[in-house]
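Residue-level listing of the chains:
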Amino acid sequence: MARAVAIAFGSSIVSAAMVAPAFAQSNATGTIFGQVSEAAGATVLLENLATGVRRSVTPDARGRYQATSMPPGRYKVQLQRNGAVERSLEVEALIGQGIEASFEAVQTVTVSSTRKTIDVSNTNNGAIFNAKQLDNLPIAQNVGAIIQLAPGTNRGDSRIPGPSFGGAGASENAFYINGFPVTNILTQVGSSELPFGAIANAQILTGGYSAEFGRSTGGVVNITTKTGTNRWEAGASVQYAPNSLRASQKNTYYPNTGSNPKTDGQLYQWNRDNKTTSRTVGAYLGGPLIRDQLFFFVAAEQQRSESESVGATTATLNSSGGYTENVSKTPRYLAKLDYHLNDNHHFEYTRIFDKTEANSRYYGWSNATKQRDNVYKNGMSWVNCCGPANAGATDNIFKYTGYLTDKLTLTTLYGKSKTTHVQTPDGYNPDILQVNAPVEAQIPGFSYTTPQTVSGNLPAPGSGDWQRTLRVDVEYKLGNHSLRVGIDRNKVRSVTGESTAGGGYWTYNRYADPSTLPYGAQISPAQAGGYGKQGYFATKHMFYDTARPSTDQSAQYIEDRYQATDNLLLSIGLRNEQFTNYNTAGKPFISQRHQLAPRLGVSWDVKGDSSFRVFANAGRYHLQMPTNVARNAAGNTLATDTYYVYSGIDPATGAPTGLVPLGPTVSVSNAWGQPKDARQVAAQNIKANYQDELALGFEKAWSDSLNIGAMATYRKLRSTNDDYCDPRPIHAWAVRNKVDDSHFGFQCAIINPGADNTLLLDIKGDGNLVRVPLTAAEIGLPKVRRTYVALNLFAEHPLRNGWYGKVLYTWSQNKGNSEGQVDTTTGSYQVAVTPNWDHPELMRYSTGLLPNNHTHVVKAFGYYQVTPEWNLGGNLNLTSGRPINCMGNLPKSENADGQNPAGGYGSNFFYCDGKPAPRGSRGNLPWDVQLGLNVAYQPLFLKGLRMKVDVFNVLNRQTALSVSETYNTGDRIDPSYKRILNRSSPRATRFTLEYNHKF
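Note that this is a predicted model, so its numbers are computed, not measured. (Residues numbered from 1 in each chain as written. Predicted model: local features only at pLDDT ≥ 70, side-chain atom pairs only at ≥ 80, totals over all residues. Heavy atoms only, no water.)

Our next topic: the overall build of the chain. Secondary structure assignment for the chain yields 7 helices and 59 strands. With the C-alpha coordinates aligned to their principal axes, the bounding extent of the chain is approximately 105 × 70 × 45 Å. Sequence separation of at least 24 residues holds for 73% of the intrachain contacts in the chain that already meet a minimum separation of 6. (Helix = DSSP H or I, 4+ residues; strand = E, 2+ residues; numbered from the N terminus. Contact = heavy atoms within 4.5 Å.)

Structural data, given as structure tokens:
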């Protein structure tokens, strides 16, 4: 399929009735291969048409040749004999792909772009897009939009904004630019990016990737950048998306629960007057510093978005800061130097800068009049902050490629990355707690207020991430075997953590049954008297965590691409990975060694003419734990709750007064701010998160104008890591073994859910660690389950007769009890430390259709050159909705005395009104229908000028993409159950004016 896309972009090839020889492919280069009819005295010379750099190879005795690790671009391929050129042709090398350039036994050669062939030399699954196609399609200017063009991919949840590949979670993908890993260091959700116009090729691997790729159980995004050439080139562009041509955003309403007459069907948030205007300016310059030898390319862009929105809801205590004016800027640049010492030694330096800055100013808002005031209340500024996908980075990448002989190639890469995360509030008072007082929890006649102007959490001072990467790859051709071995190592460290603004917050509550005991309380609100007899009480939450973790990620691999017969290619690989996570003190708390990942790929050229390929691949893939894990699991965390009945409200702070405690301060996770012993943080000999995959498919050139294909995929998650916080099995072990555990408090530990685990714990409280083996049955958690079954179909019309088009259909089922390292059901982006596995009760009835299940997906995109001056483009995405859950409290029968440690998890159980509510059993969200169209004009009287208009979401289908799945709050039906949390963006229009000039 990837090959089909490559040829559709206009590659010109000469095809012989032969199979591609085995070859290895770098993750940032391509391969040119072919056959010469008479090998005696022949030499094949490959010349990059843009840079003039040359490379010569000698065919073997059978006339076959291959040139691996070729930088993407167009090449002149010449057959020379005794110093004279016999024939020549042109081909285009694409990232991660093989392109055939063969010379048949004829006196002339026909360079043809009309014969369609399939890349039979490839065994991976995915697609490749080049700059020309990206420029012609109506898509957003970011990597996420490219990913959505590939089969088997879906948008992630808005609360954890990363794509899903093949049913995997948003943290399970790997991103590369020019071979350097740019995945978000802290959470593994998303990546840093580069100026969109600097992208030369984007390879989207959805599975079946070879042993050189690891640290991913989802997909791989592999980008190469543009480079300087022998011809000076410069250009500039301006993009403008005005609010005046943007459709109004729909308001948000409370759903009709039938149990909340005050709010059912009422307005929740006024959105229709929200405004957004964006502008992007960019420029580039490239050319030779020394012709045929030293080149440079520089590209820069800045996106600026100005928006106004209502942040207040009708449930907000007051709206003194309920209206927001926001300005965000994303400056990015790329600088690249390419130095060819000679034809056999190539040096590269790449620098990438990516930063997201935002500044918000808050004003008053009236829900009664639907008007703002102009009185500035406070503000906030951010740099690469604050959420799971706010990466940003400054990357410096050095790479060397050496063609040491015709058969031996050496590639080395070294790079460094740095990211900072800053949040700066304006007018912040750190001594006032936040206040949360839902309307239904307010005592009539009381005046509730929230003077604290900053909500949520603030990052720890000095927050940031640092990475150093070293990679070495060696390729060697031995007969019908193409061998590749490599090592790579990532050393990562972070400063991470956060604290609740003001130190904590007050939450006002009401139980319909006043005799209900909050978790850990000694008396009920009714027993405390006063307004507690009516079920009213308040909870004081205090929270902070800080950590300075680091990780060491190493791998070694070997791969043999063996041409078993003229028509059959086997790719056999083995990858060995090692992951080590360190705490703030530099002590390892997780060490996962000898993780062997076999990979097998098969490609059968059915007819022997590269027109019909049957392929299969199978493999195991491992995933590391990010530095984010140490923040909770190995940091210093405080998370406590104290319950009170109250008799008044302090007007200055919004805090309750006249407090009567319901018991001592409690901590659901036993997090009291104390440092954790690294030896007690995780189970001994813990296995890594890993997944097995199997795929089978075919691709066929049905005619010169039509390619078709199908692929079936099966994925199964075999093991995962998450934290476990239930002290009951440990206490039971202590009782069985006559160990006094009265001085021990369990703080959670990372384990393999559903498996036997052995913990080292200071269970006696005397400083000596005791080995505590627990069986899976004693722990009480089910085996991890996640399966993804899919059938992908495609039909493609290559770029001929002025148009290109492709249609893809995917049927899939994503089922199990674990989404992966993240949990979009609760919106938890604490990667690999979700609440899901903390207690067995949380996993009951958790098996079902997972959040990334979209049973049907149709994608269609393409463009049509109406005349030499006019071009039309379209992009259609039809996606069936995700499943809906019903999350409620633990049934009272399982927490009658309020002492069940799972009872403190609120509405995180698959129960509703005390009855089982299996995962995904409440229907599905509606289909999301997204249509984008564009028209471009390139006047012939001014070559290089281009004007384009893109319209996104033409039908203005603002579909619900996620809803609140919390059914119970306390013992009441939550008024926001099934309230829409996120919709598709309204219809918007973007104007582009660009000028490109080659000197």
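Additional details are given in the paragraphs that follow.
For the rest of this paragraph, the subject is a nonpolar patch on the surface. Together, Trp 232, Leu 285, Leu 289, Ile 290, Leu 337 and Phe 999 make up a nonpolar patch on the protein surface, roughly 560 Å² of accessible area in all. At 3 residues, strand β18 (residues 275–290) tops the list of elements feeding residues into the nonpolar patch. Relative to the helices and strands, Ile 290 resides in strand β18. (Patch = residues over 30% accessible without salt bridge, like charges linked within 9 Å, V, L, I, M, F, W, Y side chains within 5 Å. Areas by Shrake-Rupley, 256 points an atom, 1.4 Å probe, with all protein chains shown as cover. Salt bridge = Lys/Arg side-chain N within 4 Å of Asp/Glu carboxyl O.)

What follows deals with a positive patch on the surface. Residues Lys 416, Lys 418, Arg 468, Arg 493 and Arg 548 make up a contiguous surface patch of positive charge. For Arg 468, a relative accessible area of 42% translates into the label partly exposed. (Lys, Arg positive; Asp, Glu negative; His and termini not counted. Charge placed at Lys NZ, Arg CZ, Asp CG, Glu CD. Buried < 20%, exposed > 50% of the residue type's maximum accessible area, 1.4 Å probe, protein only.)

This part takes up the domain arrangement of the chain. Taken domain by domain, the chain consists of domain 1 (19–100) and domain 2 (125–229 + 239–367 + 381–421 + 462–497 + 546–637 + 674–726 + 781–998). Spacing between the C-alpha centres of domain 1 and domain 2 amounts to 35 Å. Contacts between the two partners involve 34 residues from domain 1, matched on the other side by 41 residues from domain 2. The junction of domain 1 with domain 2 conceals about 2,900 Å² of combined surface from both sides, 48% of it contributed by carbon and sulfur atoms. Here domain 1 and domain 2 share 2 salt bridges between them. Between Arg 64 and Asp 566 there is a salt bridge whose closest N-O contact spans 3.1 Å. Listed by contribution, the elements that provide at least two residues to the side of domain 1 that touches domain 2 are β3 (54–57) and β4 (64–70). Class assignment of the residues belonging to the side of domain 1 that touches domain 2 gives a composition of 15 nonpolar, 13 polar and 6 charged. (Domains from an automatic or database assignment. Buried area = accessible area lost by both parts, 1.4 Å probe. Nonpolar A, V, L, I, M, F, W, Y, C, P; charged D, E, K, R; others polar.)

Our next topic: the pairing of strand β5 (residues 73–81). Extensive coverage of β5 is indicated by the burial of 7 of its 9 residues. Connecting β5 to the next strand, strand β6 (residues 84–93), in antiparallel fashion are 2 residues, including Asn 82 with a positive phi near 55°. (Pairing = 2+ DSSP bridges.)

With respect to topology, 3 strands assemble into an open sheet ordered β4-β1-β7, the strand pairing being mixed. Edge strands, defined here as strands with exactly one partner in the open sheet, are β4 and β7 (98–100). The sheet shows a mean angle of 20° between the axes of neighbouring strands, direction not considered. Inspection of the sheet shows strand β1 (residues 30–35) paired to β7 by 3 bridges, in the parallel sense. Paired with Phe 33 across the bridge in β7 is Glu 100. (Axes fitted to C-alpha atoms, helices over the stretch in contact; angles between N-to-C directions.)

We now examine the state of the cysteines. Within this structure, the stated rule accounts for 3 disulfides. One disulfide in the model links Cys 725 with Cys 748; its S-S distance is 2.0 Å. Torsion about the S-S bond of the Cys 725 and Cys 748 cystine: about 110°, corresponding to right-handed handedness. Taken together, the residues span a long stretch of sequence, with Cys 725 in the loop between β42 (722–724) and α6 (728–736) and Cys 748 in the loop between α6 and β43 (749–751) at a distance of 23 residues. Here the two residues Cys 725 and Cys 748 agree in accessibility, since each one is buried. A sulfur-sulfur distance of 1.7 Å marks the disulfide that ties Cys 886 to Cys 912. One quick way to see it: the torsion about the S-S bond of Cys 886 and Cys 912 is about -125°, and its sign makes the bridge left-handed. Of this pair, Cys 886 sits in the loop between β50 (870–879) and β51 (911–912) while Cys 912 sits in strand β51, and the two are 26 residues apart along the sequence. Of the two residues, Cys 886 and Cys 912, neither departs from the other in class, the shared state being buried. (Disulfide = S-S within 2.5 Å.)

Moving on, we get to the sheet that holds strand β14 (residues 220–225). Pairing is mixed across the open sheet formed by 5 strands, whose spatial order is β8-β13-β14-β11-β12. Of all strands in the sheet, those with a lone pairing partner are β8 (125–130) and β12 (180–181), marking the two edges. Note: strand β11 (residues 174–177) against β12, 2 bridges, orientation antiparallel. Residue pairing across strands places Ile 177 opposite Phe 180, the latter belonging to β12.

A few words now on the side chain of Asn 251. Along the chain, Asn 251 falls in the loop between β15 (233–241) and β16 (252–253). For Asn 251, the side chain forms a polar contact with the main-chain nitrogen of Asn 271, separated by 2.7 Å. A distance of 3.0 Å separates a polar side-chain atom of Asn 251 from the backbone nitrogen of Arg 272. In this view, Asn 251 contacts Leu 267, Gln 269, Trp 270, Asn 271, Arg 272 and Arg 983; residues no more than four positions away in its chain are not counted. (Polar contact = N/O pair within 3.5 Å; in protein donor to acceptor, adjacent residues only side chain to side chain.)

Right, let's talk about unusual backbone geometry for a bit. Keep in mind that most residues, glycine aside, have a negative phi and that most peptide bonds are trans. That bond from Cys 385 to Cys 386 is cis: its omega, 0°, falls within 30 degrees of zero. Relative to the assigned elements, Cys 386 resides in the loop between β23 (371–383) and β24 (393–403). Backbone geometry places Arg 215, a non-glycine residue, at a positive phi of 55°. Positionally, Arg 215 belongs in the loop between β13 (199–207) and β14. Phi is positive for Tyr 845, close to 60°, though the residue is something other than glycine. Note on placement: Tyr 845 falls in the loop between β47 (803–816) and β48 (848–849).

The next subject is the pattern of salt bridges. Inspection of every chain in the model, using the stated rule, returns 47 salt bridges. As a salt-bridge pair, Arg 54 and Glu 47 come within 3.7 Å of each other at their nearest N and O atoms. For Arg 54, a relative accessible area of 38% gives the class partly exposed. Given a relative accessible area of 18%, Glu 47 falls into the buried group.

Here strand β46 (residues 786–800) runs beside β47; their pairing, made up of 13 bridges, is antiparallel. Counterpart to Arg 800 in the pairing with β47 is Trp 803. Linkage of β46 to β47, two consecutive antiparallel strands, is achieved through a turn of 2 residues, within which Asn 801 is found at a positive phi near 55°. One ladder, built from 9 bridges, connects β47 with strand β49 (residues 856–865); its direction is antiparallel.

This part is about the packing of aromatic side chains. Considering all chains together, one arrives at 27 aromatic pairs under this definition. Seen from their ring centres, Phe 446 and Tyr 646 are 6.3 Å apart, and the 65° between their planes marks the pair as edge-to-face. Highlighted residues: Phe 446 in the loop between β27 (434–436) and β28 (457–459) and Tyr 646 in the loop between β36 (636–645) and β37 (648–649), separated in sequence by 200 residues. Put simply, the rings of Phe 446, Tyr 448, Tyr 508, Tyr 531 and Tyr 646 pair up and form one aromatic cluster. For the cation-ring pair, Lys 700 lies above Phe 612, with the distance from its terminal atom to the ring centre recorded as 4.9 Å. Arg 979 extends its terminal NZ or CZ atom over the ring of Tyr 268, reaching a point 3.9 Å from the ring centre. (Phe/Tyr/Trp six-rings, centres within 6.5 Å; stacked < 30°, edge-to-face > 60°. Lys NZ or Arg CZ within 6 Å of the ring centre and 35° of its normal.)

This part covers the environment of Tyr 967. One can find Tyr 967 in the loop between β55 (960–963) and β56 (968–969). A relative accessible area of 14% means that Tyr 967 is categorised as buried. For the pair formed by Tyr 967 and Ala 555, sequence separation is 412 residues and the distance between their alpha carbons is 45 Å. When residues no more than four places from it in sequence are discounted, the contact partners of Tyr 967 are Cys 886, Met 887, Cys 912, Asp 913, Arg 972, Ile 973, Asp 974 and Tyr 977.

The next thing to look at is the confidence of the model for the chain. The pLDDT averaged across the chain works out to 91; a share of 95% of its residues lies at or above 70. Ignoring residues within four places in sequence, the model shows residues 1–25, a span with pLDDT below 50, making 131 contacts including any to other chains. Counted against residues more than four places away or in other chains, residues 106–116, with its pLDDT under 50, gives 37 contacts. (pLDDT = per-residue confidence, 0-100.)

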